[in-house]
Each structure stands twice: as structure tokens, then as C-alpha cells.
Amino acid sequence: MASHGNPRPNDRWIRVIDSHTEGEPTRVILSGGPDLGSGSFASRVERFRNHHDDFRRLIVDEPRGSPIAVGALLCAPVAPVASGVVFFNNTGYLGMCGHGTIGVLVTLHHLGRISAPGTYRLETPVGVVSADLHSAHEVTFTNVASYRHRKDVDLEVPGYGRVRGDIAWGGNWFFLVTDSTTELRLADVPALTDRTVAIRQELRRKGITGADGAEIDHIELSGPPQRPDADGRNFVLCPGGAYDRSPCGTGTSAKMACLHADGELAEGALWRQESVLGTRFVGRLLRRDGILYPTIRGSAYVTGETELLVDQDDPLIRNPQG
């Protein structure tokens, strides 16, 4: 790590490792982050939200971050597992993050904290996630149980007309548009973003939610694949308004749950999900104790090790852009 030059007593340094999982970035916090204390993961997330939200913004908002970055704060787990992790982005806190889980495992291997091959468990706010590290870059994780909450929800979206979709849980809440005939091209990302933002706004306006009134903050469009080794292509709008560069781990989980509910995906059968960027996850549904759990396989690569400087004279540490 580089020298700190002429450090001043009030300067703050935050050590991070950046990676991308099939194109989607993850920033793992190694030191300099807040101490969330003990207790349940739910209580820690609330502590993060209520007392340290400025740190979240420092990490993922401009000028130190970007709208597409997902942060991952490592912390002591409650259960006897490898590590605890709280995922967050530029709008708040995530229950689970599929690409982030792969990024965390590859980062821990890069640091020498775990060795490959092996099975490891990460504790997240929505439960313990099991992950198999196959190599320095490739990981399969077993997600939380996923399911379809509502089928064929009709929505009249201003400017776009009638839209029909399924509401499903894959670690986050999704509205999956069931029209699978639209070609999803990278060149059309601005138009796809406008469409999915309009869908999400209309869901909010109509009061359509997931279970127990949970906000549906991810919108997923499906289309035919472009690569020969994929079964479908998606475009996923994330909570902050950016699109997922990866095929989205939680979105792929929700998609497979809906396919299975319709009898279109058997237990154990592969579903090869392509992103709008052209990258790919390979998923399966496995039953354990009568419950379906998705597994997602993908690759991540470390892109940098750095220390972020928080200069106390910088006005944007109090009002970061984002």
C-alpha cells in the first residue's frame, strides 16, 4: 500500500478492495469503517442506517464512488460462519447481493483469508449464504430461499401502456416483466432505464408491494439471449437507478423461482442467465427440507487495492454527491 505522504491528525484513511463480478463492481471495506457493535444483523443494519449513513455515502457516492458500486462492510458474524457482511449502495442497504457475495469470496481469497477450493458461509441481513470457491475467480453461492409472491400482475404505465409481470423474492424484491420478446441491447440502455423507472414509479403509486408491504425496488426485463450458451437475457434496474452490469444474482434467483412455478424449469436443471452486458451466470434450483434454494455460479476479478482519503477540510465529506 502506498505511503500516506504527510498525514495530518484529522485525516481518515479507509482501506478497500475493488472487484467486478461479471462486470458489476463490489467495494469491500477492510478497515476504517464503523463498528456496528454486537447483536442481531437487523440491529446492526439499523445502527449503520441511523448512526453511520454518512460512511455509506462516502464509499459509494461521488466523488469517491459511483452510482453502480455496491459496498460490502465486513463484520463479525452472529452465527459460526466465515464472515458477516452488510451490503449497501447509493440509496441504502441491501438484504442480499448475489454479485457482491461472489466478489467478497474472491476478495477474501485474494487476501489469503480463505483458500480454494472450499465451502464457506457468509452471514447477511437476510440469512446465512453458503458459497463454494472453485478457483481464484470462480464461485458458486447458494442463495436464500426464493419464491414467487404474485403472478401476472397487470399495470398501466403512463407512456408505456399495459405491462404484466410477476412479483418474486430472490433476496431482494423484484417485478419481473413477463414479456420475453423484447431484444435487450446495450445501445438501448437509456430507453430501458426510462421504461423500468416508470414501472417502478407506477408500482409505488399503486401501492403494489412484496410480502408484508415490502417495497419492490428491482425491476427486471427479459429477452432472448444473444450468446449461444445462454437461455435468456435480462436488464435489471437497481434501487439507485443504475442498471446491473451482471446478470444479477438475486434477480436470476427470482427468475428461476418463477420459471419453476410455471413448470418451465425443473429442479437441478441449469438456467444460464445473460446480462445486457453479455456476461453470464449459471443457476440451478435445489430442494432442501422441502424448500427451493437457488445456486448461482459466476466469476469475479479484483481490480484494485486502495486507501480512500477523507480530508477533514473537504466539504464533500459532509455532503457527498449522489
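This text goes with the structure placed above it.
I will try to describe carefully the structure that is included in this document. Everything numeric here is computed off the predicted structure, so don't read it as measured data.

**Observations concerning the overall build of the protein**
Then comes step 1: Of the regular secondary structure elements, the protein holds five helices and 16 strands.
Then comes step 2: Along the longest, intermediate and shortest principal axes, the C-alpha atoms of the protein span 60 × 45 × 40 Å.
Then comes step 3: For the protein, the proportion of its 322 residues judged to be buried stands at 52%.
Then comes step 4: Of all intrachain contacts in the protein linking residues separated by at least 6 positions in sequence, the fraction that spans at least 24 positions is 63%.

**Re the pairing of strand E3 (residues 70-75)**
Then comes step 1: The element E3 is extensively covered by neighbouring structure, given that six of its six residues are classed as buried.
Then comes step 2: Alternating residues of E3 divide into Val70, Ala72 and Leu74 and Gly71, Leu73 and Cys75, and every residue in both groups is buried.
Then comes step 3: Looking at chain direction, strand E2 (residues 24-31) and E3 are connected through four bridges and run parallel. By the bridge assignment, Ile29 is partnered in E3 with Leu73.
Then comes step 4: Sheet topology note: the E3/strand E4 (residues 83-88) ladder contains five bridges and is antiparallel. Looking across to E4, one finds that Cys75 is bridged to Gly84.

**Focus: the packing of aromatic side chains**
Then comes step 1: Throughout the structure, instances matching the rule amount to seven aromatic pairs.
Then comes step 2: Here Phe48 and Phe55 contribute two aromatic rings whose centre-to-centre distance is 6.4 Å and whose plane-to-plane angle is 40°, an arrangement assigned as tilted.
Then comes step 3: A residue is classified by how much of its surface remains accessible, and Phe48, at 0% relative accessible area, is buried.
Then comes step 4: Residue Phe55 is classed as buried on the basis of its relative accessible area of 2%.
Then comes step 5: Here Phe235 and Tyr243 contribute two aromatic rings whose centre-to-centre distance is 5.7 Å and whose plane-to-plane angle is 20°, an arrangement assigned as stacked.
Then comes step 6: Here Phe235 falls in the buried class, since its relative accessible area comes to 0%.
Then comes step 7: Its relative accessible area of 11% is what places Tyr243 among the buried residues.

The rules behind the values
- Residues numbered from 1 in each chain as written.
- Predicted model: local features only at pLDDT ≥ 70, side-chain atom pairs only at ≥ 80, totals over all residues.
- Heavy atoms only, no water.
- Helix = DSSP H or I, 4+ residues; strand = E, 2+ residues; numbered from the N terminus.
- Buried < 20%, exposed > 50% of the residue type's maximum accessible area, 1.4 Å probe, protein only.
- Contact = heavy atoms within 4.5 Å.
- Pairing = 2+ DSSP bridges.
- Phe/Tyr/Trp six-rings, centres within 6.5 Å; stacked < 30°, edge-to-face > 60°.

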